[in-house]
Structures are given as structure tokens and as C-alpha cells.
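Observations on chain architecture
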Amino acid sequence: MNTGPAATNSPVATPGPTSANSAVATEATAIVNIASLVTNDPSLGEGTPLGLIRDAAVVVEGDRVVWVGGSSKAPATDNRIDAGGRAVIPGFVDSHSHLVFAGDRTAEFNARMSGRSYSAGGIRTTVAATRAASDEELEANLVRHLDEALRQGTTTFETKSGYGLTVEDEARALRIAARHTDEVTYLGAHIVAPEFADDPAAYVALVTGEMLDACAPHARWVDVFCEKGAFDGDQARAILTAGRARGLVPRVHANQLTYGPGVQLAVELEAASADHCTHLTDADVDALANGSTVATLLPGAEFSTRAEWPDARRLLDAGATVALSTDCNPGSSFTSSMPFCIALAVRDMGMTPDEALWSATAGGAAALRRTDIGRLTPGARADLVVLDAPSHVHLAYRPGVPLAHHVLRAGLPLPTGA
């Protein structure tokens, strides 16, 4: 993954003592003087879901965390970084984004903010621009948004196709995305391609046939926009079942604009996540609470469309696993900021700051069926963010403020310079 410039005033690594009896091998780096360390392991620290350790340290060796605990007990290492009384959290896991696109939908946003309602049809504008763009233009745009997200603390991201809607355009979107992440999703079923507007059955046949054949080698996941104006329950089932037969794991755009079959279908097919979950019946909530499917909430979309907020409190109280993601896309949620989504979730969706952070880290990892990210415990990938604040609560307490003071991804800091 390409990375952008580092935040200024990053902590400085200084040589530290070594010991032949150290529990950690040399060439490791200890980050000490952490005011509060979020591990997401409830067996650590204060015993909360965040596994919060006060006055903490974390030791990184290579691309892995090898030790966490009290700062005064940190083992000897070759290098030490003084966090200066700042908080440290796991890197954000953005499990839902649409970053392979071209064009701009400013006019649509402006019209919507002037009173026009949101519908799935605006996607066609981006489809036309994406088809017209070169591979180089699409990749440059993708990298620009990844750099933007990384500077804000996002160290893992999923992204989708869905703005090509031809065999070649969907396949090239996935090839481009796969150069930057392992979490690549085939979304040929974003909307019915314009050429098939009068024959959606033929488009479903293409998505489940020739297009799937071209795209499956480049993807891990298969997704469908199960919604009025996109694909109904029967069409979504056919698409997800075909993808699963080719080894792709289902995800579903579910119940965003209206009540519908998306959530129930996701749980039935054991999809990794049902995304949006804005309009839920009691049966939908019960299904999510009693199944393995994560409810991924995308508050940036509600913010940008002035739509009804998802009721995170209802899902959490029922026992569902909840993730938070950006849904970064040019039409309905043009933000790459996970901290912004945390602030929205706390302010408008009934989540506590602790719950929102967990959902933006461990919750996102669960939505990607990953155990090596979204936490800071021995064996986890060394993805972490040093916040320019003494507590993770500042992510919601100080919305819009760039708090990512220092970011490590797989043990490596953001490079300095432009």
C-alpha cells in the first residue's frame, strides 16, 4: 500500500537498553509512557471490552505486537518511543468502501442539500466517468484516498468494484484494488447496468456468469445492493449464491433506503456482514443478534443524504456485533475519515465512545473475519495510532480535529516527506 506524509511532531525513537534476559528479542521497539492503551482484549487492563491499560507500553517487533502491559514493566529493547502521555489505539479497520471510481458528484450533493431525495440512480453518473477513465487515473485516485485515510489512522480497508458494470471494467477495478489490499469485493451487482435497463434478468445472468468468471480470481468477497432501484431478494440470492460457489464470501448492502429482505438474506447465507442496516424490523434485529453476520453501520451515508440514522443502540442492546465504516464513495458518503464516523455514531446513533471505537477497530475486523487486526495484543499485526490526546474519547469529544499524531502500519511508520 502506498502511504502519504506523516503527521508533524511525531514521537522520536531513541536507543534503549538491551538485555540478554529480555523476554523480547533485540530489534524490537517499545512505545512507552502511553496514557491509555486500547487493546480490545477484555482480559487485559480494566476488564472492559476495550481492554484499556493505563500508563501503558506496547512492544513491536517486525510487523507484530509482541508485548503489552504497564509502562514501568516494559522489557528492554533496542529502541524506545516516548508517547508523551498520549493515547494509543489499534489502527482503524474500514470494512466498507468504494474507492475505484472517477468523476465528481458535487452537483448531486448540492441538489440533495437543497431538498432532492437520495436514490440509487445517481450511481450511473459515476459509472459513466469510471468507464471513461484510464487505469492510471483510477489507480491514482484510489491511492490518493488511501493516503488520506491512512493519515487519519485507517490501516486496513476493504474496497469494491461496482462502477464499471461491464465484464472488463469490473475486472480491471478489482485488479487495481488488489494491488493495494487483500480485502477486495466483487460488486458487479451495484445497480443494473444502463445497457440492461429493460432486461435486468439478462444483467443478473451476466453478473453470475461471464462477469463472475472474470472477477472471481481477483476478489475475496461478493456483494450485492439489495434495495428498491437495484436488486430484489431473488436476484440478490442468485448473485450471492453464484459468488459463493466460486469461493467468494457474501456481503450485502442491506436495508439502507427501505425495509427489505437484505438482512434476512445475509444472515441466511452466513454473509460476513450486512451493511447499512438503517431500516430494521424486530425480526431483522433478532436475526443479526443470533447469527454470525456483523451489522456494519455507515453513518457517513446518513450524514450526506440527510436520511434516518441507524439505531446502533437497538442492535447493541440486542447483542448484535456492530462495525463502523466510512462507505467512502463519491455519491452518498464522500469521507475517508473513520474518526468522523465515530463522532457521528456517538452523537446521533446512540453509541458510547467506547462502543464506537470498538466497532471501528475490532468490529471492522470481525466484518472482515480477521483476528490479526483491530486489536493490540501479542501476535496481532502492529497497526496502531498514537492520538494527540490522552484518551480515545477525544475522537468523539473533538470532532473534526486531526488527532492521528503517529501511525504505524505493520510496524512501519508513515514515511516523512511529501
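Each remark here, short or long, concerns the structure printed above.
Presented here is an overview of the structure given in this document.

The rules behind each value
- Residues numbered from 1 in each chain as written.
- Predicted model: local features only at pLDDT ≥ 70, side-chain atom pairs only at ≥ 80, totals over all residues.
- Heavy atoms only, no water.
- Helix = DSSP H or I, 4+ residues; strand = E, 2+ residues; numbered from the N terminus.
- Buried < 20%, exposed > 50% of the residue type's maximum accessible area, 1.4 Å probe, protein only.
- Contact = heavy atoms within 4.5 Å.
- Core = buried A, V, L, I, M, F, W, Y, C linked by side-chain atoms within 4.5 Å.
- 1 Å grid on protein atoms, 1.4 Å probe; cavity = no way out; pocket = protein on both sides within 12 Å on 5 of 7 lines; lining within 4 Å.
- Points joined across faces, edges and corners; volume = space filled by probe spheres on them.
- Nonpolar A, V, L, I, M, F, W, Y, C, P; charged D, E, K, R; others polar.
- Salt bridge = Lys/Arg side-chain N within 4 Å of Asp/Glu carboxyl O.

**Regarding the environment of G188**
You can see G188 is positioned in strand β9 (residues 184-189). Judged by relative accessible area, which is 0%, G188 ranks as buried. For G188 and L206, which are 18 residues apart along the polypeptide, the C-alpha to C-alpha distance reads 9.1 Å. Discounting residues that sit within four places of it in the chain, G188 has contacts with S161, L165, E170, Y203, V207 and M211.

**Points about the nonpolar core**
Within the largest apolar cluster, 89 residues are counted, with the highest numbers of intra-cluster contacts made by Y186, Y203, F231, L288, L315 and L324. No other element matches the six residues that helix α4 (residues 167-178) contributes to this core. Dropping the residues within four chain positions of it, Y186 is found in contact with S161, E170, L174, V207, M211, L212, C215, A219, W221, V222, D223 and L248. Counting residues in each nonpolar core, the second largest holds 17 residues, with A83, V88, V386 and L408 among its members.

**Comments concerning the layout of surface pockets**
Estimated volume of the second largest pocket: approximately 190 Å³. Taken together, N40, P49, L50, L316, A320, T321, V322, D354, E355, W358 and S359 form the lining of the second largest pocket. Here the residues of the lining of the second largest pocket sort into six nonpolar, three polar and two charged.

**Re the pattern of salt bridges**
In this structure the tally under the stated criterion is 22 salt bridges. R347 is paired through a salt bridge with D348; the nearest N and O atoms lie 3.0 Å apart. The partly exposed category is assigned to D348, whose relative accessible area is 26%. A single salt-bridge network, built from bridges that share partners, covers E183, R220, R370 and D372.

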